[in-house]
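Examination of the molecular architecture
Here is what each chain is made of, one letter per residue.
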Amino acid sequence: MSNATPQDAPHDRLIEGLASDLRPVQPLPSPGRRAMIWLGFVILAALVLSLIADLSAFAQRFMASPDMWLAMLGSALTALLAAIAAFRLSLPDSSRAWAWLPLPAVLLWIIASGLGCLRDVVLPGTYVPPLGETMECLAIIVALSVPFSLLMFAMLREAFSLLPGLTATIAGLAVAAASATVLNLFHPFDAAVVDLLVHAFAVALVVVVSRIYGARLWAFPNFSKAA
Amino acid sequence: MERRSRPGPVSPCNRRAASSEQPLKGRDSAPGVGEMGRRNMLAVADATAFIPYSGAPAESMVASHARTGSRRRMATAEQTADDMRRSALMAAAQAGDKTAYQTLLRDCVPLIGAIARRQGVSADQVDDVVQEVLLTIHRARQTYDPGRSFTAWLRVIAERRAIDLLRQSGRRGARELHAPIAFENYPDETADPAGGLHHADDSGRVSRALASLPPRQRQAVQSLVLNEQSLAEASALTRRSKGSLKVNLHRALKSLRGSMEREG
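These numbers were taken from a predicted model, which means no experiment stands behind them.

1. Description of the overall build of chain A
Within chain A, the regular secondary structure consists of nine helices and zero strands. Ordered by position from N to C terminus, the α and β elements of chain A give α-α-α-α-α-α-α-α-α. For chain A, buried positions account for 43% of its 227 residues. In chain A, of all internal contacts separated by at least 6 residues, the share reaching a separation of at least 24 is 87%.

2. A closer look at the overall build of chain B
A tally of helices and strands in chain B yields twelve helices and zero strands. Put simply, chain B runs from its N terminus to its C terminus through helices and strands in the order α-α-α-α-α-α-α-α-α-α-α-α. Classification of the 264 residues of chain B by burial places 38% in the buried group. Pairs at least 24 residues apart make up 71% of the contacts formed inside chain B by residues separated by at least 6 positions.

3. What to know about the confidence of the model for chain B
Residues and elements named next belong to chain B. Averaged over chain B, the pLDDT score is 71; the fraction of residues at 70 or greater is 65%. No element of chain B has a lower mean pLDDT than helix α1 (residues 12-19), which averages 36, and none a higher one than helix α5 (residues 98-118), which averages 92. This model gives residues 1-67 a pLDDT under 50, and the stretch forms 122 contacts once residues within four places in sequence are excluded. Interface predicted TM-score (ipTM) for the complex: 0.75; the corresponding pTM is 0.64.

4. Topic: helix α6 (residues 126-139) of chain B
Residue and element names in this part refer to chain B. Its 14 residues place the ends of α6 20 Å apart at the C-alpha level, agreeing with the 20 Å of an ideal helix rising 1.5 Å per residue. The element α6 is largely enclosed, with a buried count of twelve among its 14 residues. Among the residues of α6, those classed as buried are Val 126, Asp 128, Val 129, Val 130, Gln 131, Glu 132, Val 133, Leu 134, Leu 135, Thr 136, Ile 137 and His 138.

5. Focus on the packing of α5(B) against α6(B)
All names here are of chain B. Contact geometry for α5 and α6: axes closest at 9 Å, N-to-C directions at 130°. If you check the angle between α5 and α6, you find them oblique. Regarding α5 and α6, the two cross each other, and that crossing is right-handed. In this structure, α5 contributes Leu 105, Val 109, Ile 112, Gly 113, Ala 116 and Arg 117 to the contact, and α6 contributes Val 126, Val 129, Val 130, Val 133, Leu 134 and Ile 137. For the contact of α5 with α6, a count of residues per class yields ten nonpolar, one polar and one charged.

6. Section: the packing of α6(B) against helix α7 (residues 150-175) of chain B
All names here are of chain B. One can describe the packing of α6 onto α7 by two numbers: an axis separation of 9 Å at closest approach and a directional angle of 130°. Relative to α7, α6 is oriented oblique. As for how α6 packs across α7, the hand of that crossing is right-handed. Between α6 and α7, the contacting residues are Asp 128, Val 129, Glu 132, Val 133, Thr 136 and Ile 137 on the first element and Ile 157, Ala 158, Arg 161, Ala 162 and Leu 165 on the second.

7. Overview of helix α11 (residues 231-238) of chain B
All names here are of chain B. Most of α11 is tucked away: six of the eight residues are buried. All of the buried residues along α11 are Leu 231, Ala 232, Glu 233, Ala 234, Ser 235 and Ala 236. Within two residues after α11, Arg 239 carries a phi angle of roughly 60°, on the positive side.

8. Some points on the environment of Val198(A)
As for its position among the elements, Val198(A) is in helix α8 (residues 193-214). It is 7.5 Å that separates the C-alpha atoms of Val198(A) and Cys137(A), two residues lying 61 residues apart in sequence.

9. Some words on the environment of Ser241(B)
Examined against the element boundaries, Ser241(B) turns out to sit in the loop between α11 and α12 (242-263). Ser241(B) sits ten residues away from Leu231(B) along the chain, and the two C-alpha atoms are 9.2 Å apart.

10. A few points about the nonpolar core
Judged by nonpolar contacts, the single largest core of 104 residues is most densely connected at Ala82(A), Ala83(A), Ala85(A), Ala86(A), Ala174(A), Ile112(B) and Val129(B). Here the element with the most residues in this core is helix α4 (residues 67-89) of chain A; it accounts for 14 residues. Two domains each donate at least three residues to this core, and these are domain 1 (12-173) and domain 2 (209-264) of chain B. Apart from the residues lying within four places of it in its own chain, the contact partners of Ala86(A) are Leu156(A), Thr167(A), Ile170(A), Ala171(A) and Ala174(A).

Rules used in this analysis
Every chain begins its residue count from 1, and numbering advances along the sequence as written. Chains carry letters from A onward and ligands carry numbers from 1 onward, assigned in written order. In keeping with the predicted nature of the model, local features appear solely for residues at pLDDT of at least 70, side-chain atom pairs appear and are counted solely at 80 or more, and the whole-chain, interface and lining totals rest on all residues. Helix and strand assignments come from DSSP, with helices taken as H or I runs of at least 4 residues and strands as E runs of at least 2, each series counted from the N terminus. We call a residue exposed when 12 or fewer other C-beta atoms sit within 10 Å of its C-beta, buried when the count reaches 20 or more, and partly exposed for counts in between; the C-beta positions come from the backbone. We call two residues in contact when their backbone-placed C-beta atoms lie within 7 Å. Across the chain, each position has a pLDDT score giving the predictor's confidence in that residue, from 0 to 100. Multiplying one less than the number of residues by 1.5 Å gives the expected span of a helix. Note on method: axes are straight lines fitted to C-alpha atoms, helices fitted across the in-contact stretch only, with angles between N-to-C directions ranging 0 to 180 degrees. Put simply, angles under 35 degrees are roughly parallel, angles over 145 are roughly antiparallel, angles from 65 to 115 are roughly perpendicular, and the rest are oblique. In this scheme the crossing of two helices becomes right-handed for a clockwise turn of the near helix relative to the far one and left-handed for an anticlockwise turn of less than a right angle. Charged means Asp, Glu, Lys or Arg here, nonpolar means Ala, Val, Leu, Ile, Met, Phe, Trp, Tyr, Cys or Pro, and polar covers whatever is left, Gly included. In this usage, the nonpolar core is the set of buried Ala, Val, Leu, Ile, Met, Phe, Trp, Tyr and Cys residues whose C-beta atoms join them within 7 Å. These domain boundaries are the output of an automatic or database domain assignment.

This is how it looks when you write it as structure tokens:
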């Protein structure tokens, strides 16, 4: 069974070291199941936050502007698909093509949000929020992203990605999309241009920070670090 | 799109064996494999109707390119048997069987080497790829689904690590110039012809300074400087984090510098 060849000899010490370090491990659940666990936490957080949200205003707002449903559906689908893609990419043998999975939902999210801006331009009576109010959106998205990110990256760390930058970026997208979806509970106005730009900035901020810090999760083993 | 099968405590090999009514006693198993590995391998033998192990996994992969139909079928059967045996060993390793794990890693070495060479890694760098892949298998062993092909899982990891190395070599090649004659002819302006006389004395001072270091700092210097181990390798062998090794090496070098300066 053991095919010891002269080629093996240089690796014997490493193999013995790794074997002595061996601890029993449980195979990870499937990426889909891990994504559902994370989304379950997001939904739980949304339910808790809905207790303090003005749900009647939320319902009225969505009745008045149906395109916001589309935008919310787009962000929710983005969170779902990006989470599945991130957990899939966290496996060392996954294809980088999984990164494209959330693209249709992202497009729906962007287009539906753009419709809100268009209404702002076409209908002169639409309420345009001042910058101060839109900054609350930024604060809410960033604040929600912290617990969502902590759980997401704690779960991702159980796996081992050989595409750390891409995985962290997609994970950041899932976190930002989930935060933007929950934000709708506290969004007292339609999406205007300034508001949309602030949302886009907040989402980009979360994705970039995730990319920078999340990619360090799997720094070992790496040629550049190990050399 | 979710194609990953649900992992469970029983691998397909075991499931198939469990459905077989043949007794497992009396089958030969590989030497040096733990109890769990032996059980899994007996199950593989049941599942594969006693297809003998070829003893050359890398060659069996190459053999898949056999020209005739019968040879191709034989090669495929050997591949399947090899793959199922590796999957069983990995499942045993996930359960903590160290002997099965060592057998698996040794079995992987020629296969990783073959994959690295096929990716275009030069002969002097193949060992680097092998070590990185072995470390990756260790770190990522919980991500392996026993219901899937181990060889396919390993192949993707080995290919990625080989490509990582090629990219890094390419970047280094773009920055550095290989000119051995110019290097040899370049005069060292700081060279001290009498330096050799002080060398023995310096060695003694360094040894004394090393002996005075705390154990962890001495271990970091021993692994990373004297044994010339990579950070990853030293981390795996000493069971200390890379960060801890770096910090201890930094402190050790600072202490050594202070000691040497004090001694003049």
